[in-house]
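Chains, contacts and geometry: an overview
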Amino acid sequence: MIEVNNLIKKFDAFCALSGVNMQVEKGAVYGLVGPNGAGKSTLIRHLTGVYRQDAGEIFIDGEPVYENRKIKAEISCIPDNPFYFLQADTLEMMRFYKGIYPAFDEKKFYRMQEFYPEIDIKRNIRKLSKGMQKQVAFWLSICCQPKLLVLDEPLDGLDPVMRRQIWSILMAEVAENQMTVLVSSHNLRELEDVCDHVGIMNHGKIILERSLMELQGNISKIQVACPTGMPKLSQDFEVLHMSNIGRVYTLIVKGSPKEAQRALMADENMAVVVDVLPLTLEEIFIYEMGGLGYEVKDILY
């Protein structure tokens, strides 16, 4: 669905994107994460055809996206701050979207009205709360029936009930229509519940791109009760972090969790108890970034 090859973008002397490579399969829910200033929003503006790259290639469904009306008609994007015309209400914006998106489903728009009972569709959108404006953006975007939905910090300002409802609607669209979703967010706990693939971005590059299952299966937190001193692992494993409270050591280990556990238990004089604990996406992000000058020290206990 999305293929990005060696994407480069400069703003004067500043290199915002320095060789981005990305692959997103059709029907995937892809989480794009990274620290502030990593280049996520710049990448999104290229994927939606707002910016033109200085070098590299971007393909959506095998076609370049920049100035491609056909492909843009199949992409819907919800930015952090959705734009609405100054005096427009939801009905007027619906007619505007209908004129732009050939696949816009007006019947679906009215069917979905029951999910947004608090929104007066004849009231000026700019007079609605920030959360309600976000709800209108999701409502209109889903009715566009896009093949690709791009979300940039999409759920800020929404209460927990509405957040869950929005994700439920999106997941139904993914299941029924094979819609592809790319979502950039700092809420990693939320992404962990919905994403099947994750790309970690830093300094204008995708430094890691894997399925969430593979990512979580390749890095783990291991707690070791070791009365004889600091536990040791062979060079086959990369220890990203180690801390201890008394004789209980906590290791963040990259590599097969089962193999690491087996290696620690092999020395009977060393480890007495070895527990392998799963890491959350947030913890994985922290420790993947820890070796890249973005370390949060001693956050896990």
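Report on the accompanying structure. Model, not experiment: these values are computed from the prediction. (Residues numbered from 1 in each chain as written. Predicted model: local features only at pLDDT ≥ 70, side-chain atom pairs only at ≥ 80, totals over all residues. Heavy atoms only, no water.)

A separate point is a nonpolar patch on the surface. Residues Phe83, Phe85, Phe96 and Ile100 make up a contiguous nonpolar surface patch of roughly 400 Å² in combined accessible area. In this structure, Phe85 sits in the loop between β6 (75-78) and α3 (90-100). (Patch = residues over 30% accessible without salt bridge, like charges linked within 9 Å, V, L, I, M, F, W, Y side chains within 5 Å. Areas by Shrake-Rupley, 256 points an atom, 1.4 Å probe, with all protein chains shown as cover. Salt bridge = Lys/Arg side-chain N within 4 Å of Asp/Glu carboxyl O. Helix = DSSP H or I, 4+ residues; strand = E, 2+ residues; numbered from the N terminus.)

Of all 5 residues in strand β7 (residues 148-152), 5 are buried, a share of seventy percent or more. Burial along β7 is two-sided: the residues Leu148, Val150 and Asp152 and Leu149 and Leu151 are all buried. Two strands pair when backbone bridges link them, and β6 and β7 are joined in this way by 4 bridges, in the parallel orientation. When the sheet's bridge partners are listed, Ser76 is paired in β7 with Leu149. Where β7 and strand β8 (residues 180-184) come together, 5 bridges link them in parallel fashion. (Buried < 20%, exposed > 50% of the residue type's maximum accessible area, 1.4 Å probe, protein only. Pairing = 2+ DSSP bridges.)

The next subject is the pattern of salt bridges. One pass over the structure, following the stated rule, counts 9 salt bridges. The partner of Glu74 in a salt bridge is Lys147, with the nearest N and O atoms 3.5 Å apart. Residue Glu74 is found in the loop between α2 (69-72) and β6, and its partner Lys147 is found in the loop between α5 (130-143) and β7; the two are separated by 73 residues along the sequence. For Lys108, the salt bridge identified is with Glu173, shortest N-O distance 2.7 Å. With a gap of 65 residues between them, Lys108 in helix α4 (residues 106-111) and Glu173 in helix α6 (residues 160-177) connect regions that are remote in the sequence.

On to unusual backbone geometry, then. With a phi angle near 55 degrees, Asp61 is a residue other than glycine that sits in the positive phi range. Along the polypeptide, Asp61 turns up in the loop between β4 (55-60) and β5 (63-64). By relative accessible area, Asp61 is classed as partly exposed at 38%.

The next thing to look at is the sheet that holds β5. Pairing between sheet strands relies on hydrogen bonds along the backbone, with the strands arranged either parallel or antiparallel. With antiparallel pairing, 4 strands are arranged side by side in an open sheet as β2-β1-β4-β5. Of all strands in the sheet, those with a lone pairing partner are β2 (14-24) and β5, marking the two edges. By the bridge criterion, 2 bridges tie β4 to β5 in an arrangement that is antiparallel. Opposite Ile60, over in β5, you have Glu63 as the bridge partner.

Any aromatic ring pair is given by two values, namely how distant the centres are and how the planes are angled relative to each other. Counting across every chain of the model gives 8 aromatic pairs. Aromatic side chains Phe11 and Tyr51 sit 5.6 Å apart centroid to centroid with 65 degrees between the ring planes, which places their arrangement in the edge-to-face category. Linking Phe11 in strand β1 (residues 2-11) with Tyr51 in the loop between α1 (40-47) and β4, this pair joins segments that are 40 residues apart in sequence. Owing to a relative accessible area of 25%, Tyr51 belongs among the partly exposed residues under this scheme. Between the aromatic rings of Phe85 and Phe96, the centroid separation amounts to 4.9 Å while the plane-to-plane angle is 90 degrees, which identifies the pairing as edge-to-face. Of the two residues, Phe85 is situated in the loop between β6 and α3 and Phe96 in helix α3; the sequence distance between them amounts to 11 residues. An aromatic cluster of three or more residues is present, and its members are Phe83, Phe85, Phe96, Tyr97 and Tyr101. Stacked on the ring of Tyr51, the Lys or Arg Lys9 has its end atom at 5.7 Å from the ring centre. (Phe/Tyr/Trp six-rings, centres within 6.5 Å; stacked < 30°, edge-to-face > 60°. Lys NZ or Arg CZ within 6 Å of the ring centre and 35° of its normal.)

Ranked by size, the top nonpolar core spans 57 residues in total, and within it Phe104, Tyr116, Leu151 and Leu170 carry the most contacts. Grouped together as the second largest cluster of nonpolar side chains are 25 residues, Met1, Ile71, Leu148 and Met201 included. (Core = buried A, V, L, I, M, F, W, Y, C linked by side-chain atoms within 4.5 Å.)

So, on to the packing of α3 against α5. One can describe the packing of α3 onto α5 by two numbers: an axis separation of 10 Å at closest approach and a directional angle of 35 degrees. Crossing hand, α3 versus α5: right-handed. Counted together, Thr90, Met93, Met94 and Tyr97 of α3 and Val136, Trp139 and Leu140 of α5 form the full contact between these two elements. Counted by class, the contact of α3 with α5 contains 6 nonpolar, 1 polar and no charged residues. (Axes fitted to C-alpha atoms, helices over the stretch in contact; angles between N-to-C directions. Left-handed = near helix turned anticlockwise from the far one by under 90°. Contact = heavy atoms within 4.5 Å. Nonpolar A, V, L, I, M, F, W, Y, C, P; charged D, E, K, R; others polar.)

Shape descriptors only; they carry no functional weight alone.
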